[in-house]
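The lines below spell out each chain.
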Amino acid sequence: LSILLSLLVSAHSTRSPDCGGILTPSGLTYLAEVSKLHAESVLRKDLLASPAPDPSPTSPSRRNQITSVKVDKFSLTLIPDTGLRLSIEVDLGITSAPSATKEMRLSILADLHVEMNPEENLELVTSDCKPTLEEVRSTEEMDRSAPHKSSGPDVDKQINVEKICLEVSRLLLFPNERLMSLAAPFPITPSCQVQYLPLAAPMYSEQGIIISLQTTFQVAGTVIPLPVSPVPFSMPEPVSSSSSHLILAFSEHFYTSLFSALEKSGALNVSLLSSLTTATLSERITQMGSLFQEDLPVVLRAVTRSSPHVVLEEDKAIVELFLTAQIGAGSSLFQSFLSVNVDVTARLHLSVADTRMIISVAAIEDIELSLATSDVGPILAALLEELFLPTIREEVPAQINEVLRQGVFLPHIASFTYTNVNITIHKDYVLIPCNLQLEARTG
């Protein structure tokens, strides 16, 4: 997989993946399982109104009617380096005049793969489709002879198998409308959105269907430039077959880009109301008494002075924030009297709810305060730490968590959510094995 993603990077010199996923054989089995009833519904609609083929060519004038459609088997099989094989067996109940009933079996074998269309959306395509129609006789007849099989132009004309083969992808629960939803923009904050763009058609290996994605972020509707990844993203190949339906992977660069987008949108700028007032502050800093005649609340207004950075280690995610805090008085009419640089190193906690990754600041590990201007004098440094560190330590995580509380949508297709999630943080990337869950219909 590392080699594959490296090839994708060389093919897209200005575009490189920063996240991706593997839909495993277990995931394909689940998709086939939940698609079975859907396929039966589609086929019933297509076939019940159609006349059935007459297996007896000696009586072409007889008119048969399909009265029941039941999907007996529905499977998806991975074909490495090629695509998918869809196998369907459908039992048909057929009534002929005046009251005779017979059963036939329609078998459909189709090869599918996903292409990148000119609009750079993923599209499910049928590359081959072979229908077979078989008459299922009574027990006595089956003892005497093998089932009668027929396929070809007569079948196509009477049962319209050709139409079924042309639209065989409709029998799956992830048609092209759902695949397009993978690349839809998702909101993070009211002004910031994330979008996962496929870089190429998926690849097929024994481990599953491999999709590489590049993340873009929009602020106020405009795609913003992000830091360039120092190294191409690659995800190690699973050491063994996974029981999870899907394995998502996110690079360290993805998380740095996320916080950079939030920084550019202004979401990381914070306003902190300290427990101090100008009167209590003047007891420690005598100059304050001459600056303010009345007792006013002391406020810290912090803005980012450079882009945040995320570092991923084994079982640990760290975000580094670089802020400049204006310390002033008054909440409505703000009067700044001191500028302080605040460098925060905080540990991140990652979890998943439905299709969203919840990122929160779990604990601040380190804070450094330094005067942004030297005209006040270094003697205030220790005093500033004593006075403002408790407020910063408590309020910065709280405000960032408020920004991120809705979570960041993961790549997903409509109508499916994620369950049995197990997040593991490794050096340079995060791995999220999970299962798919078809959402219950409402309304």
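Throughout, a residue's number is its position along its own chain's written sequence, starting from 1. Where totals are concerned, whole chains, interfaces and linings use all residues; where local detail is concerned, this predicted model gives features only for residues with pLDDT of at least 70, and gives and counts side-chain atom pairs only at 80 or more. Side-chain metrics rest on all non-hydrogen atoms present in the structure, leaving aside hydrogens and water.

An unreviewed UniProt entry annotates the protein as TENP protein originating from Anthoscopus minutus.

Draft legend 1. Inspection of the overall build of the protein at higher detail. Helix and strand definitions here come from DSSP, where helices need a minimum of 4 consecutive H or I residues and strands a minimum of 2 consecutive E residues; each element is numbered from the N-terminal end. Within the protein one finds 10 helices and 22 strands. Residue burial is assigned from relative accessible area. The probe radius is 1.4 Å, only protein chains are included, and a residue is buried under 20% of its type maximum, exposed over 50%, and partly exposed in between. Within the protein, the proportion of its 443 residues that are buried is 48%. When checking whether two residues touch, look at their non-hydrogen atoms; a contact exists if any pair is within 4.5 Å. Taking as baseline every contact in the protein between residues at least 6 positions apart, the subset at least 24 positions apart corresponds to 64%. Calculation of accessible area relied on Shrake-Rupley with a 1.4 Å probe; when residues are assessed, cover is drawn exclusively from the protein chains displayed. Carbon and sulfur atoms make up 52% of the accessible area of the protein, which totals about 21,500 Å².

Draft legend 2. Examining the pairing of strand 16 (residues 316-329) more closely. Within strand 16, 10 of the 14 residues are buried, leaving the element largely enclosed by the surrounding structure. A strand pair is defined by DSSP finding two or more bridges across the two strands. One ladder, built from 13 bridges, connects strand 15 (residues 297-313) with strand 16; its direction is antiparallel. From the neighbouring strand, arginine 301 faces strand 16, where its bridge partner is glutamine 326. Hairpin remark: strand 15 followed by strand 16, antiparallel, with two residues in the connecting loop; positive phi at aspartate 315, about 60 degrees.

Draft legend 3. Highlighting helix 7 (residues 252-264). Taking 1.5 Å of rise per residue, the 13 residues of helix 7 would be expected to cover 18 Å, and the 19 Å separating its terminal C-alpha atoms lies within 8% of that figure. Within helix 7, 12 of the 13 residues are buried, leaving the element largely enclosed by the surrounding structure. Two residues or fewer past helix 7, glycine 266 is found with a positive phi of approximately 85 degrees. Here a helix's expected span is defined as the number of its residues, less one, multiplied by 1.5 Å.

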